[in-house]
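Residue strings, one per chain:
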Amino acid sequence: ASSSKIPGLYAGDSRLNPRVVIGLNAGLSAYETYAPTIAVLARLLVKDKVPCLFTDYSNEAVRLAQSVLSQGGFPSGRMLKSVPNPFVCPRNEKSSAAGYDVPSFGNRFLYGAHPVGTPTAWGSVD
């Protein structure tokens, strides 16, 4: 950012730092090209104490994503347990190969990492 683009703000202004990172239907394990972004998010979590929260469509996607986060520098002691998302978005997935609709849920599970303490639940930290 520069003062010429956003009046009153300048490069390095702390008001430009994120307060929280949210990734809906993140699919963090889907692409190896996400690795640099995950490393940046890990630094934000540890250095700047920015919570990182994500959603995914299945338990397996969450399990794989949590592994990717750990490999990318997220401290394992700061990971939040996956929980069902109360704001789930039901939808139908059409499988052209099989020729039938299957129920699916976008944003089905919440997971992420908390920057301080040891997360015991979504509502509290030790």
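All values derive from a computational prediction rather than experimental measurement. (Residues numbered from 1 in each chain as written. Predicted model: local features only at pLDDT ≥ 70, side-chain atom pairs only at ≥ 80, totals over all residues. Heavy atoms only, no water.)

*Asks:* Even after reading the chapter, I still don't get the pairing of strand β2 (residues 52-56), so can you show me in this structure?
*Replies:* As a general feature of sheets, a regular strand has side chains that alternate between the two faces. The element β2 is extensively covered by neighbouring structure, given that four of its five residues are classed as buried. Each parallel crossover has a hand, and the one from strand β1 (residues 21-23) via helix α1 (residues 35-47) to β2 is right-handed. Two elements, β2 and strand β6 (residues 109-113), share five bridges in a ladder whose sense is antiparallel. Pairing of Cys-52 across the sheet is with Ala-113, part of β6. (Buried < 20%, exposed > 50% of the residue type's maximum accessible area, 1.4 Å probe, protein only. Helix = DSSP H or I, 4+ residues; strand = E, 2+ residues; numbered from the N terminus. Right-handed = clockwise from strand over helix to strand, strands pointing away. Pairing = 2+ DSSP bridges.)

*Asks:* Got a minute to help me understand the nonpolar core in this structure?
*Replies:* Most often, soluble globular proteins keep nonpolar side chains buried together rather than apart. Of all hydrophobic cores here, the largest spans 19 residues; its most connected members are Leu-28, Leu-41, Cys-52, Phe-54, Leu-69, Phe-74 and Tyr-111. The set of elements that each furnish at least two residues to this core consists of α1, β2, α2 (59-71) and β6. A total of five residues in this core trace back to one element, the largest contributor, which is α1. With near-sequence residues (within four places) excluded, Leu-28 lies in contact with Tyr-34, Ile-38, Phe-54, Asp-56, Ala-65, Val-68, Leu-69 and Tyr-111. (Core = buried A, V, L, I, M, F, W, Y, C linked by side-chain atoms within 4.5 Å. Contact = heavy atoms within 4.5 Å.)

*Asks:* I'm lost on α2 in this one. Help?
*Replies:* Note on helix geometry: an α-helix contains 3.6 residues per turn, so any two residues three or four positions apart are oriented the same way. An ideal rise of 1.5 Å per residue puts 18 Å on 13 residues; α2 measures up with 18 Å between its terminal C-alpha atoms. The set of residues buried in α2 consists of Ala-61, Val-62, Ala-65 and Leu-69. Within α2, the buried residues cover an arc of 95 degrees as seen down the axis, which keeps them to one side. After α2 finishes, the residue Gly-73 shows a positive phi value of roughly 110 degrees. (Expected span 1.5 Å × (residues − 1). Arc of directions from axis to C-beta.)

*Asks:* Explanation requested: the packing of aromatic side chains in the structure shown.
*Replies:* Under the criterion given, the structure shown has two aromatic pairs. When the centroid spacing of 5.5 Å and the interplanar angle of 75 degrees are considered together, the rings of Tyr-31 and Tyr-34 count as edge-to-face. Judged by centre distance (5.6 Å) and plane angle (35 degrees), the rings of Phe-54 and Tyr-111 are tilted. Taken as a pair, Phe-54 in strand β2 and Tyr-111 in strand β6 lie far apart in primary sequence, 57 residues in all. When its relative accessible area of 3% is taken as the criterion, Phe-54 is described as buried. We classify Tyr-111 as buried; its relative accessible area is 0%. Over the aromatic face of Phe-109 sits the side chain of Arg-108, whose NZ or CZ is 5.3 Å from the ring centroid. (Phe/Tyr/Trp six-rings, centres within 6.5 Å; stacked < 30°, edge-to-face > 60°. Lys NZ or Arg CZ within 6 Å of the ring centre and 35° of its normal.)

*Asks:* Explain the sheet that holds β2 to me, please; I cannot follow it from the model alone.
*Replies:* By definition, the strands of a sheet pair up through backbone hydrogen bonds, in either a parallel or an antiparallel sense. The strand order β1-β2-β6-β3 describes an open sheet built from four strands, whose pairing is mixed. Two strands bound the open sheet, and with one partner strand each, they are β1 and β3 (79-84). Averaged over all adjacent pairs, the angle separating strand axes in this sheet is 15 degrees, with direction ignored. (Axes fitted to C-alpha atoms, helices over the stretch in contact; angles between N-to-C directions.)

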